[in-house]
Each structure stands twice: as C-alpha cells, then as structure tokens.
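# Descriptive analysis of the structure
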Amino acid sequence: MAQSLTRRDFLKGAGAAALAGLGAGLGLSGCAQPAQVVRILWMNDSHGHLRPIYHREGYDESFLTEHGLKSGSVEAYLSANADFANLAAQYGRVGGYAHLATLIKQERAAQPDRTILLDAGDAWYGSAIALLTEGKALVTVMNAIGYDAMTLHWELNLGKETLLARIAEAKFPVLAQNLVDTDFEDRVLPASLVKDFGDVKVGIVGQAYPFSLLTTENREANPGWRMGYREDKLQEEIDRVRSDEGAGVVVVLSHMGYEQDKVMAGMLSGIDVIVGGHTHDILWQPEIVGKTLIVQAGSHGKFLGELDLEIRNGKVDGYQHKLIPVLADGVEPDPAIDSLIADLYRPFDDTLQKLVGETSSVLYRRSLFGGTTDAFMVNAYREIAGTDLGCAPGWRFGVTLLPGPMTVEDVYNAMKPTTSPLYTASLSGRQIRAALEDNLDNVFNTDPLQRLGGDVLRCGGIHAELRRSSPREERIVSLAVNGARLEDDRHYLVATSGGRTQYMDEQASASAQPAVEELINFIGQNSPIVSESPVQAFVDVQQ
C-alpha cells in the first residue's frame, strides 16, 4: 500500500503520487498498439459542503488492516475513526469545492479534451448553504467548475418544482433513466449522454437512487413521479447507446449503493464502469465484477476520484485508478471558485456564523447504529418535546464537530440541514416494534436490492437486542423503553424529525419552527454539550 504521508509532505505536493493506489487490469499486457486515455474524474455524496469541514468515518482499525493502511497516516485519517481527534489536529479540514476545483483543473490539464467530470448524486442537499439557497449555490459552483453530468438522490427532497428549476439552471445534464411520470411512464430526465472523443464514444447512463421518492421527508414532495431500479430499462438503454449511438464504452453513473452496484454488474451486460455513490464507500481499489469496474470515492468532498481508461480499438483495454485526497491545508483553493463561494455565502454569513454555544465532545454521525451527534439529538428531542422516546433517521451525512464553539452553520451541517419540524406522535408499542423491524430489514436484508435508506434508526429511550441475520420481522430479540419491557398495547409519545415516523399517527403535532431551530435554542440553553457515547439503542446478539 502507499507510504505514510505527513502534512508537510502533502504541502510539498507529494500527496497525489503517494496515495495513488494505482491499478492495471482488463488489459492485454505487451500490446504493441499505444493506448488512448479517457479520464473520468468524479465525486459522490458531497452533500452540499462548499467549504472544508471535518469528517470522522464509521470504519474502525479493521478497515486499515484490511486495506494495508498505516495507523496515523493521511490514509488512516481519511478512511477510519481511529485516533480521529489527534489526526484532525495534525491534518486539518477536508474537502471544499474551491480546493476540489484546483485538483480538477490540474487533472484535466494532463488529459485535455479527453476528461469527463461526473457527480454520482447527493450534491445539492445536506448543508446549510444548500438548504438556504435551495440547491442553487451548488448548481452555480458546479456550473463554474464545468461538470459534464450528474445523477440524483437527496436532491428530490427539494420538491418537484424547485428541483426542476435547479435542473434547468444546470449547464450539464442531470441523468436518471429510472425516474418516470405516473401517467405514461415517460422519462422525466435524460437517460444518458454520449461523449465523442474521435477514436471512441463514451456513453454515460444515469441511475438515480431507486427509492428516492420513499425517503423524502415530505411524502407529497414529488407528485406524479415514480422510481425503481427499472433494471430492464437500464439494460435497454445500455444496449441503445452502444447500438444506436456507437458507444464503445459505457459508464453507469449510479446512486444505488456499493452492494447494489455489484449486484447490477452481475445481472446486466455491457457495462464497463459503474461510478457509484449513496453508501459513502471508500474504494482505494476498484471492485471488479465480471468485466465491470466499480468505483466510489467516499463522501463529503474528501476525495476526487480519478479513473484513466486505456482505449484500444474503441474498447477498454486497461485502467489506472486513484483517489486524490482533498486536504484543505495541502491544496490551494482556486481563486475564482473561492471568490464565487464567498459571494454565495455573503447574504447568509451573519446568520450562519452566529455563535450558539459550544461542545466539549467530538460530535460525529457516521456509525451503523448512531454516533455522538445522534445521541445528543435524540435525547434533546425527548427533552424539548417531553416525550418517552426521541428518534432520528440513520442518515449517513453530517459533518463532525471538534470540541469548541458551535455556530448556527455547525448545527445545520452536523445535525439537521432540512426544514422539517419536530413532530410528536403517539404510537403503540406494536407500532414501534413494527417500525424498528422494518428499519432493520431495510439495513440488513440479505438481498441488497431490498435495502432502503441509510443506517439503523437512532432512538433515545430504547434498548433492544437484535440478531441481524434473522428473517424479516424476527430480528428483535428483546425491546425495552426507559428500562421497562415494551408493551404492545400501550401508547408512547415519540419525538421525531427527518423521516416519516410521524405519518404513523394521523394526529401527530408539529413544532412551529424547524427541528434544527429547536436544536439551536436547546444548545444555547444547555451549553456546553457533552455527548461522549454514541447511541446505544441496539445490541447485536448474533447466534
């Protein structure tokens, strides 16, 4: 694996070379004909973070061992949570579109006129600036950088009218072969794009998150639309761009998730590359399924993915791959994009930079069963609403906050960058059990194509033992609420925001302001925040 890299090394420009994770495959070694290269640059799951952030991963030290990464290295900092606070102090913030723009310009220059820049979705939603501009700030920056195409997921939380307005403003196509209208099943957006490089045509087919319409906070946000895998139509589109448009290379731009991408690569034919997203996987080396390369570049702008396809006789005959780290202190921001981002922030700076309180703990989200951010949130919800339980969805996105002052923007970016209120619902024990079982099946179903959403539901006030390998509706072994066994016929008050739990009670009440503003007020009254332990609602008791 790559050598360990210090911050000083990175500042000297060693980063891209040392972390290059190169691979060569699918090729004919020793072939005399020189290859032409098509370079694919991509990001996925940036969640609207225009400026650099901190981000703690959910992977532990076993990930480092599995991938041959040295503890304490840049790779370890970017990939896992071991010794995170110390490594954050050493290596600093990650991501930022002005820093990404510098790297994109640099990597494009090495392959002028033969580079494709893609985004695999979750770009326009998930941060304060994305929310306050309804995605417009992200579209503006992506236009300035010069993206070639993207696909969708959380963008649909904007709602139909706003989403279509953003798509109309984009100077690049938004691809989704699997988003159709309910009347005639006509596609709402273009299914594909073909780039002609002279010696080869590259077809890019968009596959948005199939369950996007089921994961929006407002279930009425996108009337008249339908989604799903539509794998038969995906195969037809792959075949069409090859036969009708002459594509010798086909890339599926996917927001299905890593395991789902692997299933599709095995089911379908004619896919050279899947550029993936949704599950925030860090693939230091591509996964190869049959003749298909699968790549994914983490999340939150921490990496720029780069895949060089070696083309001979109009087909892929080899590749080189790397994930380029985006350390804010190691990459100079592009001046034009940096200035543009400052302009986009200016109307909101006074509000977003207002101090709310402080945290004494590292607040992080990414964890299968919930992090310290989630633990704080669900217990705050309980106190604010005076309920038995507090629950929040298992979102994968959210920045990490180090101990210190907290601003309004920090609360939005780390906890709740959406407009939904805090709901109070009255649910029976039976309903609570059913909701938890349904969520566990969405996460642990043995068929990846049946999984829906993110990680496990976070709940304060619940203690449950589970067996993840058990069948649907049989995973929960025991279930208690506030130390007492859950009673099926008893009703419990649940405070929740961000998912759809509130729809289980037709009489659920809503706060007058968004849940994020409730959290901001709560933090102001209860600072400093101490949340040292992650959510501990579930204990896995595998047989």
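Residues numbered from 1 in each chain as written. Predicted model: local features only at pLDDT ≥ 70, side-chain atom pairs only at ≥ 80, totals over all residues. Heavy atoms only, no water.

## Some thoughts on the overall build of the protein chain
Put simply, the rule reads: Secondary structure counts use DSSP, requiring at least four H or I residues in a row for a helix and at least two E residues in a row for a strand, with both numbered from the N terminus. Computation of the radius of gyration draws on C-alpha atoms, with the globule rule given as 2.2 Å multiplied by the number of residues to the power 0.38. Note on classification: 1.4 Å probe, protein chains only; a residue is buried when its accessible area is under 20% of the maximum for its type, exposed when over 50%, partly exposed between these limits. Working rule for contacts: check all heavy atoms of both residues, and any pair within 4.5 Å makes them a contact. All accessible areas in this document rest on Shrake-Rupley with a 1.4 Å probe, and a residue is counted as covered only by the protein chains that are shown.
On a plain count of helices and strands, the protein chain comes out with 18 helices and 24 strands. In terms of overall dimensions, the protein chain is globule-like: its C-alpha atoms have a radius of gyration of 23 Å, near the 24 Å expected for 543 residues. Principal axes of the C-alpha set define a box for the protein chain whose edges measure 75 × 55 × 50 Å. Relative to its 543 residues, the protein chain shows a buried fraction of 60%. Looking at the protein chain alone, contacts between residues at least 24 apart form 76% of all its contacts between residues at least 6 apart. If you sum the accessible surface of the protein chain, you get close to 20,600 Å²; carbon and sulfur atoms cover 47% of it.

## Focus on the state of the cysteines
Put simply, the test is: Two cysteine sulfurs form a disulfide in these notes if their separation is within 2.5 Å.
Applying the stated criterion across every chain yields a total of one disulfide. Put simply, Cys 391 and Cys 459 are joined by a disulfide, and their sulfur atoms are 2.3 Å apart. Between Cys 391 and Cys 459, the S-S torsion sits near 110°, and that sign places the bridge as right-handed. A residue pair is termed long-range when its members are at least 10 positions apart, and Cys 391 in strand S15 (residues 389-394) and Cys 459 in strand S18 (residues 455-460) qualify at 68 residues.

## Examining the confidence of the model for the protein chain
Any region with low pLDDT has predicted coordinates that should not be read closely. What counts here: The predictor rates its confidence in each residue with pLDDT, a number between 0 and 100.
Residues with a pLDDT of 70 or more make up 94% of the protein chain, whose mean pLDDT is 93. Taken together, the stretch residues 1-25 has pLDDT below 50 and engages in 60 contacts with residues farther than four places along the chain or on a different chain.

## Thoughts on the sheet that holds strand S22 (residues 491-496)
Under the convention used in this document: Strand pairing requires that DSSP identify at least two bridges connecting the strands. To get an axis, fit a line to the C-alpha atoms, keeping to the stretch in contact for a helix; angles then go from 0 to 180 degrees between the N-to-C directions.
Reading across the sheet, the five strands line up as S18-S15-S22-S17-S23 and stay open at both edges, with mixed pairing between neighbours. With one partner strand each, in any of the chains shown, S18 and strand S23 (509-514) form the two edges of the open sheet. Averaged over neighbouring strand pairs, the angle between their axes works out to 25° when direction is ignored. Together, S15, strand S17 (421-428), S18 and S22 form the strand contacts of helix H17 (residues 429-444), whose direction differs from that of S18 by roughly 150°.

## Things to note about the sheet that holds strand S21 (residues 484-485)
Reading across the sheet, the four strands line up as S21-S20-S19-S24 and stay open at both edges, with mixed pairing between neighbours. At either end of the open sheet lies a strand with only one pairing partner, and these are S21 and strand S24 (538-540). In this structure, strand S20 (residues 476-481) lies alongside S21, joined through two bridges in antiparallel fashion. The partner of Val 481 across the bridge, within S21, is Ala 484. Strands in contact with H17 are strand S19 (462-466), S20 and S24; relative to S20, the strand with the most contacts, it is inclined by about 130°.

## Notes on the nonpolar core
Convention followed: The criterion is simple. A nonpolar core is a set of buried Ala, Val, Leu, Ile, Met, Phe, Trp, Tyr and Cys residues joined through side-chain atoms within 4.5 Å.
Judged by nonpolar contacts, the single largest core of 122 residues is most densely connected at Tyr 77, Tyr 97, Leu 118, Trp 124, Leu 309 and Met 415. Dropping the residues within four chain positions of it, Leu 309 is found in contact with Gln 36, Val 37, Val 38, Ile 40, Val 249, Val 273, Leu 293, Val 316, Gly 318 and Tyr 319. Grouped together as the second largest cluster of nonpolar side chains are 26 residues, Phe 369, Ile 476, Val 481 and Val 535 included.

## What about the environment of Val 539?
Looking at where Val 539 falls in the secondary structure, it is placed in strand S24. Overall, Val 539 belongs to the partly exposed group, its relative accessible area being 34%. Taking C-alpha positions, Val 539 is 38 Å from Glu 134, a pair spaced 405 residues apart along the chain. Contact partners of Val 539, with chain neighbours within four places excluded, come to His 463, Ala 464, Glu 465 and Leu 466.

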